[in-house]
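Here are the chains, one letter per residue:
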Amino acid sequence: MKIITFTYIGLLCGFTLGAQEFQLAPPQVNYASPFFESGTSVNMAFALEGAEIRYTLDGTDPGPQSPVYAGPLVLKESCVLKAATFHTSYRPSEPVAFRFFKQPMVERPDSFWLEQAPAARYTGKGALSLIDKVKGSANFGDGNWLGFEGKTLALHLFWNKKTKMKGLIISRLNDAGAWIFPPVQISVRGSTDGRSFITLLQKKLKTPDEGSPLLSGQQYDELHWPARKLRYLEVLIEPLQALPSWHQGKGAPAWLFVDEILIR
Amino acid sequence: MQRRQFIQQTTTFGLALGLGVRGWARSGNPVVVGHGDFRYKIDTHWCKADPTVHPVLDCHEMVLDSKGRIVMCTNETKNNILIFNKDGEVLEAFGNEYPGAHGLTLFDEGGTEYLWLTDYERHEVIKMDMKGRVVLTLGWPADTGKYQRKEDFRPTETSIAPNGDVFVVDGYGMDYVIHYSPQGHLKNIFGGKGQAGEPGKLNNAHGIAFDNRNPQQPVLLVTSRADNALKRFALDGSFLESIPLPGAYICRPVVKGNEVYFAVLISKLPWDSGSGFVCILDKNNKVVSLPGGCEPQYDAAGKLGTMYQTIRLFKHPHDVLIDDDDNLYVAQWNSGRVYPVRLERTHL
């Protein structure tokens with residue numbers, strides 16, 4: 001009695017679920033830059049017959065009720081875009097997430113320099129790479145990323161005119177497998193006259209544990225301080241000096257990869 | 001249980017089963033992947049190997065022998081060579097000395113078949129018979145003048161021309177194509193590492209294949225995987241053409257009939273992104289099907305759009321074998337020690 005019922009339910013489920021053996025890959029998402037002034041356009045693509053891209057802009061994961069992508073999205077505010085693909089014959093993809101930052105960013109500094117040079121293979125365009133708003137890709141060798149092996153990234157910025165500043169965004173890449181780890185400390189100092197500096201912020205970061213998602217992928221550090229008018233800014237990002245004991249390179253200095261430092 | 005109850009319950013079960021089967025036929029069509037004339041159904045349970053008896057690490061490459069058996073190499077030294085029948089059962093297992101077993105080619109010399117294996121950890125190319133007995137070994141090519149030490153030679157593939165000449169690609173070393181006589185005497189060396197897009201140079205020359213599709217002008221097809229490109233060379237080493245395959249980190253080319261097939265290891269960095277699929281080119285070297293990947297698109301100017309994974313059928317395909325019924329077998333690298341998967345060609 002019960003055995004027969006359960007058997008038929010099992011068979012029924014087996015037949016209909018067999019088609020959902022595979023999951024979809026996430027959609028392709030293209031845009032010029034995650035940093036924009038008034039608006040930006042995002043293009044998505046997924047050329048699989050019968051598939052749909054669904055998305056959200058409020059940080060929640062897209063589901064079967066989320067709006068379907070039908071053409072380029074125009075974003076006018078800072079947001080998190082999440083998108084996933086759907087198809088009746090496959091399980092939905094993992095969602096992919098992209099952060100977009102509406103400015104205002106402060107005007108470009110009048111001069112900018114790095115106290116220490118990055119490693120030879122990852123010099124990009126020097127300090128310019130950090131302020132040019134050209135985003136690096138997932139490939140840290142693409143010429144847009146600056147790489148520092150165990151050395152502090154010390155960026156100096158100078159504005160002729162006193163400029164109101166209240167925070168910054170650091171765009172970094174993590175890749176534990178390539179020995180690229182989050183920094184251990186970020187500090188920012190400011191000055192109006194170039195002689196006496198005050199510490200605006202000093203943040204220590206805990207090195208993530210093995211297996212943490214913070215060890216892989218794009219990361220944005222958004223930090224604030226009470227708004228001040230300044231002419232000089234120093235941003236110091238200190239890398240991890242000794243890779244943890246679980247890492248194949250234990251004890252050796254970690255790498256730090258940054259492609260943008262934007263002041264708000 | 002009473003007779004009436006039994007009849008009632010059996011009838012209910014029968015009806016339910018009938019409905020269930022109808023439901024399946026409507027909503028559960030077996031998945032068909034690929035495009036155009038090259039579409040396939042997936043069989044992930046093809047391989048019957050027992051991992052406790054015949055384990056694998058990375059399944060690197062496969063060839064078909066004259067008996068229709070699928071011969072595969074893996075860097076698992078418990079059995080570097082596994083031979084399967086069409087039903088995925090292991091027929092033979094041998095080879096314990098090849099920790100870097102990577103390239104596998106089969107060549108019929110006047111009725112006797114030989115396997116050509118490359119081993120990037122032994123820095124050697126090994127010719128063996130179908131039972132694994134070594135008949136010839138090619139070591140690192142010191143007399144080319146391009147190599148200072150054995151460790152710089154990490155060969156990934158061989159291709160044997162119809163006259164028996166041997167072409168080796170050093171895909172994990174210095175990216176040269178080295179041309180030998182059938183006895184292993186050096187005849188020519190060309191290619192080598194270069195800047196991205198530098199014609200005639202190679203970056204991660206992962207595979208090579210003799211392409212006889214135009215018998216008047218046989219050529220060599222060489223993978224330049226880090227460039228996402230397929231390069232064509234004349235047999236004397238002169239560079240002919242680079243065919244861009246944007247987004248596709250292709251493994252070795254496999255020529256069968258009028259088509260060229262590739263396992264695409266990944267379509268985006270990093271190397272363990274699990275974003276692979278299969279790529280099929282037609283006789284004009286245009287992409288016609290991407291099983292597991294997006295629909296191939298050429299714009300009005302003939303430029304191919306960047307390819308990407310759409311269905312997570314595979315993580316890191318490393319080689320494709322096409323049998324005589326046009327079915328595909330896909331071996332994978334760094335995908336959790338999985339065995340090859342079979343793709344059954346369907347003709348709609």
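Residues numbered from 1 in each chain as written. Chains lettered and ligands numbered in written order. Predicted model: local features only at pLDDT ≥ 70, side-chain atom pairs only at ≥ 80, totals over all residues. Heavy atoms only, no water.

Here's the deal with the overall build of chain B
Applicable threshold: Note on conventions: DSSP H or I runs of at least 4 residues are helices, E runs of at least 2 residues are strands, and numbering of each starts at the N terminus. Both definitions apply: the radius of gyration is a C-alpha atom measure, and the globule rule equals 2.2 Å times residues to the power 0.38. Any residue under 20% of the maximum accessible area for its type is buried, any over 50% is exposed, and the rest in between are partly exposed; the area is computed with a 1.4 Å probe on protein chains only. Here the accessible surface of atoms and residues is derived via Shrake-Rupley with a 1.4 Å probe, and residues count as covered only by protein chains that are part of the display. Two residue types count as positive, namely Lys and Arg, and two as negative, namely Asp and Glu; His and chain ends fall outside the count. We put the charge of a Lys on NZ, of an Arg on CZ, of an Asp on CG and of a Glu on CD.
From N to C terminus, chain B includes 1 helix and 26 strands. Its C-alpha radius of gyration of 22 Å places chain B within 12% of the 20 Å reference for a compact globule of 348 residues. Along the longest, intermediate and shortest principal axes, the C-alpha atoms of chain B span 90 × 55 × 40 Å. When each of the 348 residues of chain B is scored for burial, the buried share is 58%. Roughly 14800 Å² of accessible area belongs to chain B as shown, and the carbon and sulfur atoms make up 49% of that amount. Averaged over its 37 positive side-chain charges, chain B has a centre that lies 7 Å from the centre of its 41 negative ones.

Quick look at the sheet that holds strand β4 (residues 52–56) of chain A
Residue and element names in this part refer to chain A. Rules: A pair of strands is labelled paired if DSSP reports no fewer than 2 bridges between them.
Reading across from one edge, β2-β7-β6-β4 is the order of the 4 strands in this open sheet, with mixed pairing throughout. Every other strand in the sheet has two partners, leaving β2 (35–36) and β4 as the edge strands with one partner each. Pairing between strand β6 (residues 79–86) and strand β7 (residues 96–102): 5 bridges, direction antiparallel. Counterpart to L81 in the pairing with β7 is F98.

Describing the pairing of strand β4 (residues 70–74) of chain B
Residue and element names in this part refer to chain B. By the criterion of burial, β4 is predominantly enclosed, with 5 of the 5 residues buried. Along β4, one buried face is formed by I70, M72 and T74 and the opposite face, lined by V71 and C73, is buried too. Strand direction decides the pairing type here: strand β3 (residues 59–64) and β4, joined by 5 bridges, are antiparallel. Paired with M62 across the bridge in β4 is M72. Counted between consecutive antiparallel strands, the loop separating β3 from β4 contains 5 residues, among which G68 sits at a positive phi close to 80°. Adjacent in sequence and paired antiparallel, β4 and strand β5 (residues 81–84) are bridged by 6 residues.

Describing the packing of aromatic side chains
How we decide: Any Phe, Tyr or Trp ring, taking Trp's six-membered ring, that has another such ring centre within 6.5 Å forms a pair; planes under 30 degrees apart are called stacked, those over 60 apart edge-to-face, and the others tilted.
On inspection of all chains with the given rule, the structure shows 21 aromatic pairs over all chains. With a centroid separation of 5.0 Å and 45° between ring planes, the pair formed by F158 of chain A and Y232 of chain A is classed as tilted. Note that F158 of chain A is positioned in strand β10 (residues 153–175) and Y232 of chain A in strand β13 (residues 216–238), a separation of 74 residues in sequence. Classification of F158 of chain A as buried rests on a relative accessible area of 14%. When the ring of Y147 of chain B is compared with that of F153 of chain B, the centres are 5.8 Å apart and the planes differ by 90°; the resulting orientation is edge-to-face.

Quick look at the confidence of the model for chain A
Residues and elements named next belong to chain A. Let me state the cut-off plainly: pLDDT runs from 0 to 100 and stands for how confident the predictor is about each residue. Any two residues whose heavy atoms approach within 4.5 Å are treated as being in contact.
For chain A, per-residue confidence averages 89 on the pLDDT scale, and 93% of positions sit at 70 or higher. The weakest mean pLDDT in chain A belongs to helix α1 (residues 2–17) at 48; the strongest belongs to β4 at 98. Within the model, the stretch residues 10–17 combines pLDDT values under 50 with 6 contacts to residues more than four positions away or in other chains.

Quick look at the sheet that holds strand β9 (residues 124–129) of chain B
All names here are of chain B. Let me state the cut-off plainly: Structural elements are reduced to axes, namely lines fitted to C-alpha atoms, with helices fitted over the stretch in contact, and the angle between N-to-C directions of any two is expressed from 0 to 180 degrees.
With respect to topology, 4 strands assemble into an open sheet ordered β7-β8-β9-β10, the strand pairing being antiparallel. Single-partner strands in this sheet number two, and they are β7 (101–109) and β10 (134–138). Across the sheet, the mean angle separating the axes of adjacent strands is 20° when strand polarity is ignored. Taken together, the 6 bridges between strand β8 (residues 112–119) and β9 define a ladder with antiparallel strand orientation. Across the sheet, residue D119 finds its bridge partner in β9, namely E124.

Quick word on the pairing of strand β14 (residues 255–263) of chain A
Residues and elements named next belong to chain A. Most of β14 is tucked away, with 9 of its 9 residues classed as buried. When β10 meets β14, the two strands line up antiparallel, connected through 6 bridges. The partner of L168 across the bridge, within β14, is I263.

So, the nonpolar core
Heads up, the condition is: Think of a nonpolar core as a cluster: buried Ala, Val, Leu, Ile, Met, Phe, Trp, Tyr and Cys residues, connected wherever their side-chain atoms sit within 4.5 Å.
Residues M44 of chain A together with L245, Y261 and M307 of chain B are the most contacted members of the largest nonpolar core, which totals 61 residues. Not counting the four nearest positions on each side in its chain, Y261 of chain B is found in contact with F38, Y40, R252, P253, V254, K256, C279, I280, V320, I322 and L328 of chain B. By size, the runner-up hydrophobic cluster in this structure holds 29 residues, among which are L168, V188, L201 and I261 of chain A.

Side note on the pattern of salt bridges
To keep it simple, the criterion reads: Note on definitions: salt bridges are taken to be side-chain nitrogens of Lys or Arg within 4 Å of carboxyl oxygens of Asp or Glu.
Here the structure, examined in full by the defined rule, presents 27 salt bridges over all chains. A salt bridge links R99 of chain A to E222 of chain A, with the shortest nitrogen-to-oxygen separation between them at 2.4 Å. With R99 of chain A in strand β7 and E222 of chain A in strand β13, this pair connects stretches of sequence that are 123 residues apart. You can call R99 of chain A partly exposed: its relative accessible area is 31%. Overall, E222 of chain A belongs to the partly exposed group, its relative accessible area being 29%. Ionic pairing is found between D193 of chain A and R195 of chain A, a salt bridge with its closest N-O pair at 4.0 Å. Note on R195 of chain A: relative accessible area 71%, which makes it exposed. Three or more residues joined by partner-sharing salt bridges are found here, namely E61, E157, R252 and D319 of chain B.

Re the state of the cysteines
Residues and elements named next belong to chain B. Stated formally: Disulfides are defined in this document as cysteine sulfur pairs within 2.5 Å.
By the definition in use, this model includes 0 disulfides over all chains. Of the cysteine sulfurs around C59, a residue in no disulfide, the closest is that of C47, at 7.7 Å. Here C73 is not cross-linked by a disulfide; its sulfur's nearest cysteine counterpart is in C59, at 8.7 Å.

A word on the layout of surface pockets
To find leftover empty space, a probe the size of one water molecule is rolled over the atoms. Residues and elements named next belong to chain B. The condition that has to hold: Buriedness for pockets is judged along seven lines, at least five of which must meet protein on both sides within 12 Å for an open set on the 1 Å grid over protein atoms alone, while cavities are sets there where a 1.4 Å probe fits but cannot get out, and lining residues have an atom within 4 Å of a point. Grid points are joined across faces, edges and corners, and a volume is the space filled by probe spheres set on the points. Residues were grouped as follows: Ala, Val, Leu, Ile, Met, Phe, Trp, Tyr, Cys and Pro as nonpolar; Asp, Glu, Lys and Arg as charged; and all remaining residues, including Gly, as polar.
Put simply, the second largest pocket is a space of about 720 Å³. Lining of the second largest pocket is provided by 26 residues; of these, V63, T105, L106, V254 and V255 occupy positions nearest its centre. Those elements that provide at least two residues to the lining of the second largest pocket are β3, β7, β11 (157–160), β15 (208–211), β20 (254–256) and β24 (317–322). For the lining of the second largest pocket, the element with the most residues is β7, which contributes 4 residues. When the residues that make up the lining of the second largest pocket are grouped by side-chain class, the tally is 17 nonpolar, 4 polar and 5 charged.

Brief notes about the confidence of the model for chain B
Residue and element names in this part refer to chain B. Confidence along chain B averages 92 in pLDDT terms, with 91% of residues attaining 70 or more. Predicted confidence for residues 13–29 stays below pLDDT 50, and this span has 14 contacts to residues more than four positions away or in other chains. Scoring of the predicted complex yields 0.80 for pTM and 0.86 for ipTM.

Concerning the environment of G191 of chain B
Residue and element names in this part refer to chain B. Looking at the element boundaries, G191 is found in strand β14 (residues 186–191). Residues G191 and Y176, 15 residues apart in the sequence, show an inter-C-alpha distance of 4.9 Å. In this view, G191 contacts D175, Y176, G200, K201 and L202; residues no more than four positions away in its chain are not counted.

Quick look at the environment of L57 of chain B
All names here are of chain B. Positionally, L57 belongs in the loop between β2 (38–43) and β3. For L57, a relative accessible area of 29% translates into the label partly exposed. Between the C-alpha atoms of L57 and V125, which are 68 residues apart in sequence, the distance is 20 Å. With residues up to four places along the chain from it excluded, the contact list for L57 reads T74, N75, E76 and R337.

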